[in-house]
Amino acid sequence: MSQHDPLNAQSALPKTACCSSTDCHTPAVAPVVIIKTSDVHTHADACCSSEAISGKETNAETAIVPVDARSVRYRIDNMDCPTEERLIRNKLEVMSGIKRLDFNLLDRELTVYHQLDDEGVIAKALQAIDMAPKLLLTGVASTPVAPSLDGKKKILLAVSGVTAIGAEVLAWQIGQDTSWPVMVMAAASIVSTGLPILKKGWIALSNLTLNIYFLMSLAVAGAVVIGKWPEAAMVIFLFAVAEAIEALSLERARNAIKALTALAPDTAEVQQGDMWQEVPVAQVALNSRIRVRTGARVPLDARVDSGRAALNQAPITGESLPVDKQIGDALYAGSIVTDGVVEAIVTATASESTLARIAAAIQNAQSQRAPTQRFVDQFAHYYTPAVVVLAAAVAIFGPLLMGGTWSAWLYEALVLLVIACPCALVISTPITVVSGLAAAAKHGILIKGGVHLEGGRLLKVVALDKTGTLTQGKPILTDTIAVADMAIEEALLIAASLDGNSTHPVAKAVVLGWKERQSNVKSQSVEDFAVLNGRGVKGTINGQPWHLGNHRLVEELGLCSRTLEAQLAALENVGKTAIILCSATRPIAIFAVADTIRPESLQAVAALKALGIEPVMLTGDNPATARFIAEQLDIQDARGNLLPEDKQATIAELNTRYGAVGMVGDGVNDAPALARADIGFAMGAAGTATALETADVAIMDDDPRKIADFIMLSQRTAGILKQNIVLALGIKAVFLVLALSGQATLWMAVFADMGASLLVVFNGLRLLRARQSK
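Quick notes on the rules
- Residues numbered from 1 in each chain as written.
- Predicted model: local features only at pLDDT ≥ 70, side-chain atom pairs only at ≥ 80, totals over all residues.
- Heavy atoms only, no water.
- Pairing = 2+ DSSP bridges.
- Helix = DSSP H or I, 4+ residues; strand = E, 2+ residues; numbered from the N terminus.
- Axes fitted to C-alpha atoms, helices over the stretch in contact; angles between N-to-C directions.
- Contact = heavy atoms within 4.5 Å.
- Salt bridge = Lys/Arg side-chain N within 4 Å of Asp/Glu carboxyl O.
- Buried < 20%, exposed > 50% of the residue type's maximum accessible area, 1.4 Å probe, protein only.
- Polar contact = N/O pair within 3.5 Å; in protein donor to acceptor, adjacent residues only side chain to side chain.
- Phe/Tyr/Trp six-rings, centres within 6.5 Å; stacked < 30°, edge-to-face > 60°.

Colleague: Looking at this model, I keep getting lost on the sheet that holds strand β4 (residues 98-104). Mind explaining?
Modeller: What holds strands together in a sheet is hydrogen bonding between their backbones, with the strands either parallel or antiparallel. Taking strand neighbours across the sheet as the criterion, the 4 strands line up as β4-β5-β3-β6 in an open arrangement whose pairing is antiparallel. Looking along the sheet, the strands with just one partner apiece sit at the ends: β4 and β6 (133-136). On average, each strand axis in the sheet is tilted by 30 degrees relative to the strand beside it, whichever way the strands run.

Set out below in structure tokens:
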């Protein structure tokens with residue numbers, strides 16, 4: 001596995017196909033672009049579309065933006081509900097030159113990709129539907145979202161409730177719904193909280209959009225027309241309460257996300273000349289020297305230059321115990337120094353820190369709708385119009401076919417209108433998914449979208465890369481064996497000189513072993529150095545060509561012999577990785593390195609088996625070493641001698657044999673296999689930008705037990721999603737029957753919808769309390 005170094009952060013876009021992260025000894029450099037079809041979604045219109053609540057949408061119709069398109073970003077303070085997202089889409093998508101709309105309801109932001117000469121028409125269109133857009137400048141951070149329920153709204157809501165209840169009480173005492181005291185009280189309730197709702201209903205009608213505001217406005221107007229003033233007031237009040245609950249649930253989800261990313265302090269203690277000064281983190285440049293004391297949070301990603309300290313990295317990696325840091329170790333912004341003082345050199349600006357990358361990843365994760373969300377949107381697309389048509393049929397044909405007064409049947413139709421909008425159903429899925437994403441990130445598991453959060457429960461087999469995942473990934477040089485007449489010290493110097501150009505763990509072990517044995521000797525200059533993907537390296541030293549690599553390389557060079565085979569087998573059978581130094585004509589020396597199994601790996605494998613998931617170990621190392629490690633971990637299926645393309649083919653074979661496959665690697669060297677898997681996991685992602693951006697699920701530390709934690713969270717999330725769907729649809733079904741039988745009232749229907757919203761929202765928010773297994 002590659003070293004996790006923030007200084008070596010790579011590009012976010014291309015996934016890099018390299019040699020096995022495990023044991024091929026040769027990190028390759030050939031980039032490949034991999035598109036996962038699971039990341040492309042379709043869009044379904046709905047009364048209360050759920051994709052907006054979970055962030056900006058990416059779908060097959062809108063994913064491609066012309067290269068000459070420009071973007072403009074707005075803060076939409078009046079975008080409080082997914083309903084507004086649909087209204088904005090209906091207004092803007094029909095405009096010529098609009099190419100894509102990205103919504104982020106948590107931050108109330110809209111990004112418009114367009115080819116318009118005048119951007120002003122976008123703002124005018126948004127103003128026409130009362131969205132109050134505010135232009136956000138590129139590169140300038142937006143201001144925090146204002147609370148959804150301020151003091152004025154709370155007072156008006158209280159007034160509306162008191163007057164609505166008062167109207168009901170007066171109507172019951174007087175015995176008439178149309179007496180002037182009752183109408184005055186009801187009108188006061190409607191005016192207190194209903195005017196914004198009625199205004200939105202009129203805007204929806206004028207834009208031919210069928211949404212909850214139109215339905216509620218129609219229900220209230222109809223109730224007033226037939227003289228049901230107290231119920232009209234109660235409908236408005238209860239709907240306003242439901243809106244407030246929805247807004248507060250969004251705010252709680254928003255705060256949960258912000259709490260994960262707003263951990264770094266605003267200032268850093270920076271050395272300027274002979275003085276230490278407090279400087280805003282945004283102004284601290286790369287390579288600046290900072291100081292962090294006991295009890296303080298690390299302000300920026302940095303590398304320790306002097307001092308020692310124990311740090312709590314739980315906010316970043318989810319590790320429960322403090323981690324000791326010394327010279328050369330990485331510090332992550334947001335970590336807390338529990339003991340000691342360190343001075344460190346800044347390795348990333350505030351906007352490029354690990355914490356900032358996590359924030360960006362969580363933000364992007366909200367753009368992917370889970371399968372359940374897409375199902376709900378599709379359901380709502382047909383459900384709402386169907387119930388509206390049913391309500392119209394009841395109002396028109398009820399008195400004609402069943403008898404009774406027109407006002408009585410109109411009342412039943414109004415009840416059906418209230419039942420028509422599936423807001424409780426639609427809001428439940430994104431709230432649950434966002435809560436799951438936040439709970440996972442809190443424990444150091446970064447999930448790149450709801451589709452992966454929900455898909456984890458479907459995994460039948462998990463393929464685990466050996467080096468750095470199941471083992472420590474820090475092998476040491478254990479054996480140096482001469483197989484020719486060259487002194488082993490000279491052979492080791494040549495090998496270390498070649499491997500000095502590689503970052504692979506095996507290469508580093510050889511270089512470190514040479515330094516320990518020959519600390520006073522300088523390495524030799526290497527010319528014509530080249531990486532032999534999956535095999536080793538080659539280069540020229542003092543005019544003589546050399547190859548250094550694994551068993552496969554020696555076979556390709558035609559330099560194998562029975563004696564060499566026996567020596568290699570002896571090392572491999574005890575779990576060691578052997579590499580061979582070869583001249584142009586014969587093998588010169590064998591070097592063996594060994595890795596140690598992580599103490600958590602046995603528990604990780606056992607946890608996967610307890611979940612009914614088959615663990616499979618993949619490695620570029622020799623089959624004997626693979627078997628040796630697998631036996632210690634109780635893994636029955638271990639496969640060795642795998643090149644990157646072999647791992648990719650293995651994932652395909654496992655998929656055919658078992659079903660859904662997870663692949664655990666480093667996010668860089670295992671890119672082809674990670675992309676081929678249904679879910680790709682990157683280990684130790686805290687220090688690797690590429691891992692954060694290429695994996696479907698990034699494990700921020702190196703604890704393989706979190707693979708099982710993720711799967712259990714996925715199972716729990718799926719269970720809550722199903723519970724919410726049953727609750728919402730069950731309550732709708734009950735009141736549909738009551739409405740058709742004449743037993744339901746308007747305020748009862750609204751109260752039931754509010755109750756359903758409360759149940760599903762609070763049920764979804766339970767995921768925020770998800771605990772990590774030990």
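Colleague: Teacher, can you tell me more about the sheet that holds strand β18 (residues 536-541) here?
Modeller: Read across the open sheet, the 6 strands follow the order β16-β21-β20-β19-β18-β17; overall the sheet is antiparallel. With partners counted over all chains shown, the strands left at the sheet margins are β16 (476-482) and β17 (527-532), one partner each. Pairwise comparison of adjacent strand axes, ignoring direction, gives a mean angle of 15 degrees for this sheet. In terms of strand pairing, β16 meets strand β21 (residues 587-594) through 6 bridges, oriented antiparallel. Paired with aspartate 479 across the two strands is alanine 592, which belongs to β21. Packing of helix α15 (residues 505-517) onto the sheet brings it into contact with β16, β20 (577-582) and β21, and relative to β16 it is tilted by some 75 degrees. Across the face of the sheet, helix α17 (residues 562-572) comes into contact with β16, β20 and β21 while running at roughly 10 degrees to β21.

Colleague: Would you take a moment to explain the pattern of salt bridges for this structure?
Modeller: One pass over the structure, following the stated rule, counts 23 salt bridges. Residues aspartate 77 and lysine 134 are paired through a salt bridge, measuring 3.0 Å at the closest nitrogen-oxygen approach. One end of the pair, aspartate 77, is in the loop between β3 (70-76) and α1 (82-92); the other, lysine 134, is in strand β6, and 57 residues separate them in sequence. Judged by its relative accessible area of 48%, lysine 134 is partly exposed. Aspartate 305 is the partner of arginine 289 in a salt bridge, and the nearest nitrogen-oxygen pair spans 2.6 Å.

Colleague: Please clarify how the environment of lysine 153 should be interpreted in this entry.
Modeller: Its location among the elements puts lysine 153 in helix α3 (residues 151-174). Between the C-alpha atoms of lysine 153 and alanine 244, which are 91 residues apart in sequence, the distance is 9.2 Å.

Colleague: Where do I start with the side chain of serine 160 in this structure?
Modeller: Within the secondary structure layout, serine 160 lies in helix α3. Residue classification places serine 160 among the buried positions, given a relative accessible area of 0%. Only 3.0 Å separates the side chain of serine 160 from the side chain of threonine 193, close enough to count as a polar contact. When residues no more than four places from it in sequence are discounted, the contact partners of serine 160 are Ser189, Ser192, Thr193 and Phe237.

Colleague: Please clarify how the environment of proline 385 should be interpreted in this entry.
Modeller: Tracing the sequence through the fold places proline 385 in helix α9 (residues 371-402). Under the relative-accessibility criterion, proline 385 is labelled partly exposed at 34%. Taking C-alpha positions, proline 385 is 8.0 Å from leucine 210, a pair spaced 175 residues apart along the chain. Ignoring any residue separated from it by four or fewer positions in sequence, one finds proline 385 in contact with Leu210 and Ala380.

Colleague: What is the right way to look at the packing of aromatic side chains in this model?
Modeller: Pairs of aromatic rings are described using the distance from one ring centre to the other and the angle between the two planes. For the coordinates displayed, the defined rule picks out 2 aromatic pairs. Judged by centre distance (6.0 Å) and plane angle (85 degrees), the rings of tyrosine 213 and phenylalanine 239 are edge-to-face. In this pair, tyrosine 213 is assigned in helix α5 (residues 212-225) and phenylalanine 239 in helix α6 (residues 229-261), connecting sequence segments 26 residues apart. This pair shows no difference in class: tyrosine 213 is buried, exactly as phenylalanine 239 is.

Colleague: When you look at the pairing of strand β10 (residues 302-312) in this model, what are you seeing that I'm missing?
Modeller: For a regular strand, the rule is simple: side chains alternate between the two faces of the sheet. In terms of strand pairing, β10 meets strand β12 (residues 330-331) through 2 bridges, oriented antiparallel. In the strand pairing of β12, arginine 303 is matched with alanine 330. Bridge count for β10 against strand β13 (residues 336-346) is 10 bridges, and the pairing is antiparallel. Paired with alanine 302 across the two strands is valine 346, which belongs to β13. Examined bridge by bridge, β10 and strand β11 (residues 323-325) share 3 bridges and lie antiparallel to one another. Paired with alanine 310 across the bridge in β11 is aspartate 324.

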